[in-house]
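Coordinate inspection notes
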Amino acid sequence: MTESDGLITIGVLARASGLTASALRFYDDCGLLAPARVDPLTGYRYYTEAQRERAALIRRLRAIEVPLDSISDILSGDTGRAERLLDEHVDELRRRARTAADIAEQIKQTLGSMGDGVTLSAALLAEAFEQVRAAAADDREIPVLAGILVEASANSLTLTATDRYRLSTRTMVSRDRHGDDWSVVVDAGDLTPIIGWLRHLDEIVAAPTDQGLSLVGDGAERRCRVIDEPFPDYRAVLSGLAPVRTRVVTARTPLLTLLEKSSATMRFEVDHTGLTVSDSNHRHHLPAAVTGSAIDLSFNITTLLPAIHAALGPDLMLDIAAPDRPIVLRSATDGDLTTLAMPTWQSTDRNPQP
């Protein structure tokens, strides 16, 4: 199928709307932006030209943190209700409009001197560094696993880290881009003061240099050391994931509270009634929307807790393939951060050995 058939690919829609492909897939899963057609053989998604505007509106609403249920109301509800919901954010929209011209001029000046530069929100980059580095290795047994892969391509910047038991990756849409694609592995141990600095800036320009990754904002520069080793092929890991058997959507805060009080290993029991979490001393049932079959699995708390700490939004989505395969954690309100966490295998009656 090609664009001449009247449909456009997910990549074309991503570039046209300013959303990443991962975000578009997430909005499909949530029922907010279903593709016009899904290839039954490849699973590839195709969209109509009319869906460009809806995708662009979703991106703008998410940029000002409108919840998914409100976005659905705005795009499909009555006009009066949509206007009332939008009025709640008008001050923020006006502020963005007033500063847009100044930001554009700053970007032009910065990109002219930075070469292969990527411009994006400094606060967003700080948040992404904080989230992804939770999956970086604490030791230096394999030095590159103590780093974060930073990749600039097309209209986005992607951060990825893995310690072999967890994998986190987040993609951010850039405000502007200049130069060729590039990638570096930055030392995660250098990031604490840089994250604090980024949080006080409006925007940042990131670019590779001979001395490491350069971050320039508000007339100042910080550099991150790089680890000169090849990063693992994380895309092969993601593409090789087994089909989802069970999907769980639950509130993030109650689950996080239980995990923070738990022992070394936590057991998850999933069925149509929700999610039951237990350790050697306690057992708690949490409300959850469950799709698929019942399943039990266990986690080492040091693997799971950082992944849920770093998750986005108030709700959490868990895609489970098997009790001995990595689970995929995503926010139920934002599809840009994806984390894999490896369970600890424990055989049960509901999980027979294959």
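The structure we're discussing is the one just above.
Residues numbered from 1 in each chain as written. Predicted model: local features only at pLDDT ≥ 70, side-chain atom pairs only at ≥ 80, totals over all residues. Heavy atoms only, no water.

Tallied over the entire structure, the rule returns one cavity of 30 Å³ or more. Quantified by volume, the largest cavity comes out at close to 60 Å³. Contributing to the lining of the largest cavity are Ala307, Ala311, Leu312, Leu316, Leu329, Arg330, Ser331, Leu337 and Thr339. Each residue belonging to the lining of the largest cavity can be placed in one class, and the counts come to six nonpolar, two polar and one charged. (1 Å grid on protein atoms, 1.4 Å probe; cavity = no way out; pocket = protein on both sides within 12 Å on 5 of 7 lines; lining within 4 Å. Points joined across faces, edges and corners; volume = space filled by probe spheres on them. Nonpolar A, V, L, I, M, F, W, Y, C, P; charged D, E, K, R; others polar.)

The next thing to look at is the pairing of strand 11 (residues 212-217). Each regular strand displays side chains that alternate between the two surfaces of the sheet. Taken across its six residues, strand 11 has five buried, putting it largely inside the fold. Between strand 10 (residues 203-209) and strand 11, which pair antiparallel and follow one another directly, the connecting turn spans two residues. Bridge count between strand 11 and strand 12 (residues 220-224): five bridges; the pairing is antiparallel. What sits directly across from Leu213, in strand 12, is Cys224. Between strand 11 and strand 12, which pair antiparallel and follow one another directly, the connecting turn spans two residues, one of which, Asp218, has a positive phi of 55 degrees. (Buried < 20%, exposed > 50% of the residue type's maximum accessible area, 1.4 Å probe, protein only. Helix = DSSP H or I, 4+ residues; strand = E, 2+ residues; numbered from the N terminus. Pairing = 2+ DSSP bridges.)

Before going further, it helps to examine the packing of aromatic side chains. Evaluation of the coordinates by the stated rule reveals three aromatic pairs. For the pair Phe268 and Phe299, a centre-to-centre distance of 5.2 Å together with 65 degrees between the ring planes defines the contact as edge-to-face. In this pair, Phe268 sits in strand 14 (residues 265-271) while Phe299 sits in strand 18 (residues 295-300), placing the two residues 31 residues apart along the sequence. Grouping residues by exposure puts Phe268 and Phe299 together as buried. (Phe/Tyr/Trp six-rings, centres within 6.5 Å; stacked < 30°, edge-to-face > 60°.)

What follows concerns helix 10 (residues 252-260). The complete set of buried residues in helix 10 reads Arg252, Leu255, Leu256, Leu258 and Leu259. When helix 10 is viewed along its axis, its buried side chains cluster within an angular range of 160 degrees and face the same direction. (Arc of directions from axis to C-beta.)

So, about the layout of surface pockets. Empty space among the atoms becomes visible once a probe the size of a water molecule is rolled across them. Size it by volume and the second largest pocket reaches roughly 1200 Å³. Every residue lining the second largest pocket is counted, 41 residues in all, and those nearest its centre are Ala21, Ser22, Arg25, Leu238 and Thr338. Contributing elements (two or more residues each) for the lining of the second largest pocket: helix 1 (10-17), helix 2 (21-29), strand 6 (156-162), strand 7 (166-173), helix 9 (234-239), strand 19 (315-320), strand 20 (327-331) and strand 21 (337-341). Residue classes in the lining of the second largest pocket are distributed as 16 nonpolar, 14 polar and eleven charged.

Of all hydrophobic cores here, the largest spans 34 residues; its most connected members are Leu125, Phe129, Ile148 and Val150. Of all the secondary-structure elements, those providing two or more residues to this core are strand 4 (118-121), helix 7 (122-132), strand 5 (147-153), strand 6, strand 9 (182-187), helix 8 (191-198), strand 10 and strand 11. Here the element with the most residues in this core is helix 7; it accounts for six residues. If near-sequence neighbours (up to four positions away) are discounted, Leu125 is found in contact with Leu120, Leu157, Leu159, Met172, Leu198, Ile204 and Leu215. Grouped together as the second largest cluster of nonpolar side chains are 26 residues, Leu256, Leu258, Ile295 and Leu305 included. (Core = buried A, V, L, I, M, F, W, Y, C linked by side-chain atoms within 4.5 Å. Contact = heavy atoms within 4.5 Å.)

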